[in-house]
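What follows is the residue order along each chain.
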Amino acid sequence: MNLRERIRERTQPIYFLGQNPITLTGAVVTTSTALTTIAFWFYDIFLPGPPHPYIGLLVFLILPGIFVLGLLLIPLGIWLRRRSLRESGELPAVFPAIDLALPVVRRTLEYVTAATVLNLLIIATASYRGVAYMDSTTFCGKTCHTVMDPEYTAYQNSPHAHVDCVACHIGPGAGWFVRSKLSGLRQVFAVTFHTYSRPVPSPVKYLRPARETCEQCHWPQRFTGDKFLVNTSYKDDEKNTPQTDVLLLKVGGRTWQGSVGIHGRHLADMARIRYISTDPERQTIPAVYYTDDKGKTTEFISTDAKPTKEQLDKGEHRVMDCVDCHNRPTHAFDLPDNAVDKAMSLGRISPELPYIRKKAVEVLKVEYPARDVAEHRIKEEINNFYRTNYPQIYETRRTVVEQAGDEVARIYLRNIFPDMRVTWGVHPNNLGHNDSPGCFRCHDGSHTSADGQIITNDCSACHSLLAVQEENPKVLTDVGMK
Ligand code: HEC
Ligand code: HEC
Ligand code: HEC
Ligand code: HEC
Ligand code: HEC
């Protein structure tokens, strides 16, 4: 039998059995979704910027899904027809011949072959584009917009606003990719059936080790040297008296003296510090294990918490990495006082408006029923305050007052999401010790080893305090900053 005859023999049953409503529907569905998908791809190429999240969902996930469904209908129809014919005893022993001499038949076969090749190409491209789309910031941040709104908003106002969500949350490599897609599927169900937690819980349980995410861009070896930190806050008096902290943070890193300072002592080449936490947010850390350069491990147990063996066994065991200090590198939510201080020192809220610091913090701490109500009421409150109490300022410096009101409302909108139950202080920041325990989860002076060593809480281990809450720190004049 030559090739031609063999092909004919194989195609005869398909051609015969393929003439059933299911297979034909499959062919129509496949062809029409293929054409629509391709048209959208062109549209997307010429579109400036990423597509609207719902269009993306349609073009990159739903249409290709229907396309594959259509493809599956084709063999399904053939199989069903064959089965029903066989059951009723009507399956022909010899299928009607295909007469390749007939132009109609020949053209049909050519068409089917070409369509199959094209379909394979479309499936390959669609899978690739679907995956790329699911990794895009638009998909992660905007598709389920209420759910991701808090994280996405904070992200857009952070130093990482141009880093893709997946660079931190998934990282490179196939294993984590599959793992994240499986957990993504669960999340899609949670969103569809509204069973997700509000707020979205943090820490992220299965966040990939920072070595494989953060360290793709930041090399810990690179940080050496101290960091000069100037932080101004304001009193609640009429003059909004400024109080400035100036400190030299001993960030450290790798130096000729070995690994020193904040970075160096926690992260060297090996996993230096392990700990056990006993609450879901990792805020209570009763036991810490430190391995020194010689490989000796010291156990520090909190004499305040006095954990039982059972508590320690049940707790979460973790190797310390970047995220244990930098847990808010991009989803940085503020507290009202800090946010107002920051806006005032940047001049977005003028410190020259009497009592502005007190008033701003006060209106931010009120509970409002919804975000749009809050925005309106905050602006109104600030404006009314000056109209009533300082009419002259309101007359002469109206735009400054309005700007302040707008900025206070923006602070609210960046931080509070009632739908997701994200309010002030829901996500503590572990980098420091002033607003939440942070470094003091371990450096509280109570974590003691069997031989009496203590994880230091000496103020000068981490920073030199050059000025604390001074109105006009002399050190700033000395270094030429004032
Ligand atoms: C610079 C790295 C980085 C980028 C970029 C990033 N994240 Fe995160 N994300 C984190 C870290 C770190 C946490 C907290 C992890 C922890 O504490 O275990 C987190 C936590 C979260 C959480 C849990 C809730 C919370 O606030 O802790 C959500 C949801 C989230 N991220 C969504 C996103 C989305 C959506 C994007 C993109 C718009 C994104 N992330 C981009 C690092 C990042
Ligand atoms: C894809 C690259 C990339 C990844 C991944 C990444 N970062 Fe960054 N990060 C940057 C860039 C770029 C900047 C500098 C932004 C700037 O200077 O405005 C930055 C800035 C920072 C800063 C300084 C912020 C500041 O206030 O100036 C910290 C801290 C930081 N990253 C921590 C992290 C941590 C922790 C992770 C992992 C959870 C991480 N980064 C992951 C690119 C990355
Ligand atoms: C023990 C806590 C701790 C750990 C662990 C830690 N950092 Fe830091 N890091 C700090 C502190 C504190 C600062 C200075 C704080 C500030 O800028 O306000 C800092 C500063 C930085 C900066 C900004 C440096 C600059 O000059 O502005 C980057 C970037 C950074 N860290 C990245 C990382 C990365 C990446 C890792 C993991 C490899 C890491 N850090 C691990 C505490 C830590
Ligand atoms: C999980 C526990 C833990 C957390 C959280 C933690 N540290 Fe540490 N830190 C340690 C341990 C353990 C040591 C080593 C103790 C020793 O040297 O005896 C250490 C050592 C240090 C040292 C060196 C002290 C010295 O005398 O040389 C500095 C500086 C430091 N930490 C700063 C910080 C800062 C800043 C933060 C918060 C951003 C922080 N640490 C958060 C556990 C922790
Ligand atoms: C384990 C390290 C560590 C120890 C010990 C420590 N601090 Fe700090 N402290 C920090 C870090 C890190 C920051 C910076 C946080 C940031 O980036 O905003 C900070 C910030 C501060 C600030 C500035 C706050 C601001 O935002 O203006 C003051 C004031 C301060 N510390 C006082 C103290 C005093 C007083 C002690 C001693 C009782 C002390 N600290 C002990 C790590 C430490």
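That block above? That's the structure.
A.B. asks: What is the right way to read the site of ligand 4 from this model?
C.D. replies: Close contacts around ligand 4 come from 18 residues, with Arg265, His266, Cys439, Cys442 and His443 the closest. Here an oxygen atom of ligand 4 sits 2.7 Å away from a polar atom, N or O, in the side chain of arginine 265. At 2.8 Å from a nitrogen atom of ligand 4 is found a side-chain nitrogen or oxygen belonging to histidine 266. Elements supplying a minimum of two residues to the shell around ligand 4: helix 9 (261-266), strand 5 (273-277), strand 6 (287-291) and helix 17 (459-462). By residue number, the principal contributor to the shell around ligand 4 is helix 9, which donates 3 residues.

A.B. asks: When you look at helix 4 (residues 103-134) in this model, what are you seeing that I'm missing?
C.D. replies: In an α-helix, one turn spans 3.6 residues; hence positions three or four apart end up facing the same way. With 32 residues, helix 4 extends 45 Å from end C-alpha to end C-alpha; this agrees with the ideal 46 Å at 1.5 Å per step. Listing the buried residues of helix 4 in full gives Val105, Asn119, Ile122, Ala126, Gly130 and Tyr133.

A.B. asks: Quick question: what am I supposed to make of the coordination of the iron atom of ligand 5 here?
C.D. replies: Taken together, His433 (NE2) and His463 (NE2) make up the protein donors of the iron atom of ligand 5, found 1.9 to 2.0 Å from the metal. Geometry at the iron atom of ligand 5 is octahedral, judged from its 6 donor atoms and the angles of 83 to 180° they form at the metal. Of this pair, histidine 433 sits in the loop between helix 16 (398-415) and strand 9 (447-448) while histidine 463 sits in strand 10 (residues 463-470), and the two are 30 residues apart along the sequence. Since its relative accessible area comes to 14%, histidine 463 is described here as buried.

A.B. asks: Sorry if this is basic, but what is going on with the packing of aromatic side chains here?
C.D. replies: The way to describe two aromatic rings as a pair is by their centre distance and the angle between their planes. According to the stated counting rule, one finds 6 aromatic pairs in the structure shown. Taking 5.7 Å as the distance between ring centres and 55° as the angle between the ring planes, the aromatic pair formed by phenylalanine 16 and phenylalanine 95 counts as tilted. Placement of the pair is phenylalanine 16 in helix 1 (residues 3-17) and phenylalanine 95 in the loop between helix 3 (53-87) and helix 4, with a sequence separation of 79 residues. Given a relative accessible area of 21%, phenylalanine 16 falls into the partly exposed group. Ring geometry for tyrosine 152 versus tyrosine 155: centroids 6.0 Å apart, planes at 20°, classification stacked. In this pair, tyrosine 152 and tyrosine 155 are both assigned in helix 6 (residues 145-156), 3 residues apart and thus about one turn of the helix distant. A relative accessible area of 15% places tyrosine 152 in the buried class. An aromatic cluster of at least three residues, connected via ring pairs, comprises Phe385, Tyr386 and Tyr390. Arginine 81 extends its terminal NZ or CZ atom over the ring of phenylalanine 16, reaching a point 4.9 Å from the ring centre. One Lys or Arg, lysine 358, reaches over the ring of tyrosine 355 and ends 5.9 Å from the middle of that ring.

Conventions and cut-offs
Residues numbered from 1 in each chain as written. Chains lettered and ligands numbered in written order. Predicted model: local features only at pLDDT ≥ 70, side-chain atom pairs only at ≥ 80, totals over all residues. Heavy atoms only, no water. Near = heavy atom within 4 Å. Polar contact = N/O pair within 3.5 Å; in protein donor to acceptor, adjacent residues only side chain to side chain. Helix = DSSP H or I, 4+ residues; strand = E, 2+ residues; numbered from the N terminus. Expected span 1.5 Å × (residues − 1). Buried < 20%, exposed > 50% of the residue type's maximum accessible area, 1.4 Å probe, protein only. Donors = N, O, S within 2.8 Å, 3.2 Å for Na, K, Ca; no water. Tetrahedral: all angles 85-135°; square planar, octahedral: opposite > 155°, others 65-115°. Phe/Tyr/Trp six-rings, centres within 6.5 Å; stacked < 30°, edge-to-face > 60°. Lys NZ or Arg CZ within 6 Å of the ring centre and 35° of its normal.

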